[in-house]
Amino acid sequence: MAYSEKVIDHYQHPRNVGSFGTSKDVAARRDIGVGIVGAPECGDVMQLQLRISEEGIIEEAKFKCFGCGSAIASSSLATEWIKGKSIEEALTIRNTQIVEELSLPPVKIHCSVLAEDSIRSAIADFQKKNGIVTATAETNAAAH
Amino acid sequence: MALKLPIYMDNAATTRTDPRVVEAMLPYFTEKFGNAASRNHVFGWDAEDGIEIAREQAASLIGASSKEVIWTSGSTESNNLAIKGAARMYAKSPEGTKNRGHIITCVIEHKAVLDPCKRLEREGFDITWITPAPDGIVTRQMIADAIRSDTILVSIMWVNNEIGTINEVPEIGKLCHEKGIIFHTDATQWVGKMPTDVERDCIDLMSWSSHKIYGPKGVGALFVRRRSPRVRLEALIDGGGHERGMRSGTLNVTGIVGFGKACELCKEGMDADRERLFSLKQKLERELSSRLEVVQVNGHADRRVPHICNISFGYVEGESLLMGIKDIACSSGSACTSASLEPSYVLKNLGIGDELAHSSLRLSIGRWTTEAEIDYAIQAIEKSVEHLRTLSPLWDLFKEGIDVSKIEWQAH
C-alpha cells in the first residue's frame, strides 16, 4: 500500500510523542485528561494525554500509538491540531478532516475515527476529574 | 560487495526465476513454439519432447514416475483438482444427496485447500477441521482420532506457508494407506526445498508450484498415484482430454519447460541450499531474539523448514514495522496488511493471541539471500522495533508491570 507523503512524514517524525508520567501518575492529576481508545487485539490502541488549563485551554498534548502508519500519523496530527485550542474548539475536530489532510484511503478511515475518539475520550476524562458535566462531550464519547 | 536495496525476503510468496530456468525456456517461445498436442509435425514433437523432459525432471524430484505428474496452472488449481476431483470420484452417494463422505483437513491450511473443502461441505460432504496445538504441528494422532468409517480423503499440508512448521506427513500417509483412505498433501513450501519421496512418504496426491521453487509463475503440478492405490479424479476442466483426461487445455509449454528445469536445479542444489538457508535463518532468529525483549518465534521450535521465519515483536504493530523496514520486502500477519482487516487466521487459530498476530513478521529467505542481507535485516528490524516501542502505549504499560491482556479494552 502506498502512503501519502504526510503519513510518511508523521510516521518518521511523529509530533508530541510521550506522556505526562506513568498511568498511575496521570490518573492522580486533575489537570490532565487521558484518552485510551482501541484494543490490542484489533491492532490499534491510541493514547492521548492533554494538559488543560483552568480556563479550559489545551496547553499540551502528548500521544502514544500502537497501530499502523496511518494510525500513528492520525494521532500525531491530532496532537498538532488541538494544542492551544479550547476544549470547545477541540471537540469540533472531525475524523473527516484528518482523512482529508492525510489522504487516507477508505480502509484506513477507522484510524481517523480512533483519533477523533481519543480527543473526546481525553476531554471527557478531564471533565470527569473536575466535576464538569457537559452533555455534548459525554454523549459523543459514548456514541462509538 | 555493496548491499543492493531493496532486499527480497518474501520467498514464501514467490521466488525470483533462476536465470538458468529462463534460458531453458527461451527457445520454446520463438523456435519450438508448437502445440504439444500437434501430433503430425516437428513443431508439435519438439514441444512434446520439452514437456516430457520436464515431466521426468518433476517426477525425479519427488520420486514418482513421470506418468504420475499432471500439469496445472499452480498449486491452487492442483489443490482444487485433488480435493474436489477425489471427493466427487469417491463420493458415497450421488450429487444432491447428503452424507456423501467424510474429509479431514486442518484450519491452518492455505485458502486453496480450505475453500474447496467448504464448497464440498455445501455439496453434501462432511468435513472435520482439525485445530493443531499452538506449536502448529498436525500429528498422525490428530488424524487417527478424526478418521471415521466413511472417511474418503485426508488433506494436510506438508509445511505451513505462514509459520513454516512441518506436519507429520509421512506418518499420516502411512496411516491413510493402512486405512485405505486417499491422502493429499499441499507440498508447495516443501517440494524443491526438502527431500521428497512419494513412495516412502505414502502420498497419493501432492500439489506443488513452479514459482515457489525459482521457476516461472502460472505453472504447477499434481502428483496422482497410479499404483497401489490407483487414484482416479473427476476433472474440473473438460475439453480436449489432455493430461490423461484430468486437465484439459493446451499445455503451457514454456512454463512447463521452465518448471522442469527449476525442479532439476532444486534437486542438484538441495542439500547445499538447505544447509545455507538453515544457518541464515538460525542467525536471524537468534540475533533478533537476543537483541530485543518480548520476541516470540512462532511455530514449533525445531520442526520448521529452513526458509520461513515468523516472528512476533510484542507491543509493536506489524504494518507499522513493515513501514519502518521499507527496504526489506517481507510480509506481516497484521490485519492492516490484509484487505479484510482481519489478522492472520493461521496465527489466530493457533491461539497465540490476536495481539501477537498483529505484531508478526514473516521473513522468507531463498537461493539468493546473502549473509550481508541477513545482517542488514537484523539491524533494520531492531532499530524499527525500538523506535515503535517508544511510541507504543502498550510498551509503557508492559514496562510499568501492567498485564495488557487483563485490561478491559473498549473494542472498536
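It should be noted that the structure appears before, not after, this text.
Given the structure is predicted, the values throughout are model-derived calculations rather than measurements.

*Asks:* Break down the interface of chain A and chain B for me, citing the residues and quoting the values.
*Replies:* Facing 33 residues of chain A, the contacting portion of chain B comprises 30 residues. The largest contributions to the chain A side of the interface with chain B come from Tyr11(A), Pro40(A) and Phe66(A), which together make up 25% of the buried area. Between the two partners, chain A and chain B, sit two salt bridges. Note that Lys108(A) is salt-bridged to Glu319(B), the shortest N-O span being 2.7 Å. Where chain A meets chain B, there are twelve residue pairs in polar contact (both at pLDDT 80 or more).

*Asks:* Mind laying out the sheet that holds strand 13 (residues 360-364) of chain B, listing which residues take part and the relevant values?
*Replies:* Residues and elements named next belong to chain B. Read from one edge of the open sheet, four strands run 9-10-13-12, paired in antiparallel fashion. In the strand order of this sheet, the two ends are held by strand 9 (295-297) and strand 12 (331-332), each with one partner. On the sheet, helix 8 (residues 253-291) packs against strand 9, strand 10 (308-313) and strand 13 and is oriented at approximately 10 degrees with respect to strand 10.

*Asks:* Go over the pairing of strand 8 (residues 220-224) of chain B, please, and point to the residues and values.
*Replies:* The side chains of a regular strand alternate between the sheet's two faces. All names here are of chain B. Within strand 8, five of the five residues are buried, leaving the element largely enclosed by the surrounding structure. Both faces of strand 8 are covered, namely the face carrying Gly220, Leu222 and Val224 and the face carrying Ala221 and Phe223. Taken together, the four bridges between strand 2 (residues 69-72) and strand 8 define a ladder with antiparallel strand orientation. Bridge pairing in strand 8 places Val69 opposite Phe223. The pairing of strand 7 (residues 205-209) with strand 8 spans five bridges and is antiparallel. When the sheet's bridge partners are listed, Ser207 is paired in strand 8 with Leu222.

*Asks:* Tell me what's going on with the packing of aromatic side chains, and back it up with residues and numbers.
*Replies:* Residue and element names in this part refer to chain B. A complete count under the given rule lists eight aromatic pairs over all chains for this structure. Summarising the aromatic geometry, the rings of Phe33 and Phe43 are spaced 5.2 Å apart at their centres and angled 35 degrees between planes, so their arrangement reads as tilted. Linking Phe33 in the loop between helix 2 (27-30) and helix 3 (42-62) with Phe43 in helix 3, this pair joins segments that are ten residues apart in sequence. You can call Phe43 partly exposed: its relative accessible area is 36%. One aromatic cluster is present, built from ring pairs that chain together Trp71, Trp208 and Phe259. Just above the ring of Trp368 sits the side chain of Arg16; from NZ or CZ to the centre is 4.7 Å. In this structure, Lys111 is placed above the aromatic ring of Tyr345, and the distance from its NZ or CZ to the ring centre is 4.3 Å.

Definitions and cut-offs
Residues numbered from 1 in each chain as written. Chains lettered and ligands numbered in written order. Predicted model: local features only at pLDDT ≥ 70, side-chain atom pairs only at ≥ 80, totals over all residues. Heavy atoms only, no water. Contact = heavy atoms within 4.5 Å. Buried area = accessible area lost by both parts, 1.4 Å probe. Salt bridge = Lys/Arg side-chain N within 4 Å of Asp/Glu carboxyl O. Polar contact = N/O pair within 3.5 Å; in protein donor to acceptor, adjacent residues only side chain to side chain. Pairing = 2+ DSSP bridges. Helix = DSSP H or I, 4+ residues; strand = E, 2+ residues; numbered from the N terminus. Axes fitted to C-alpha atoms, helices over the stretch in contact; angles between N-to-C directions. Buried < 20%, exposed > 50% of the residue type's maximum accessible area, 1.4 Å probe, protein only. Phe/Tyr/Trp six-rings, centres within 6.5 Å; stacked < 30°, edge-to-face > 60°. Lys NZ or Arg CZ within 6 Å of the ring centre and 35° of its normal.

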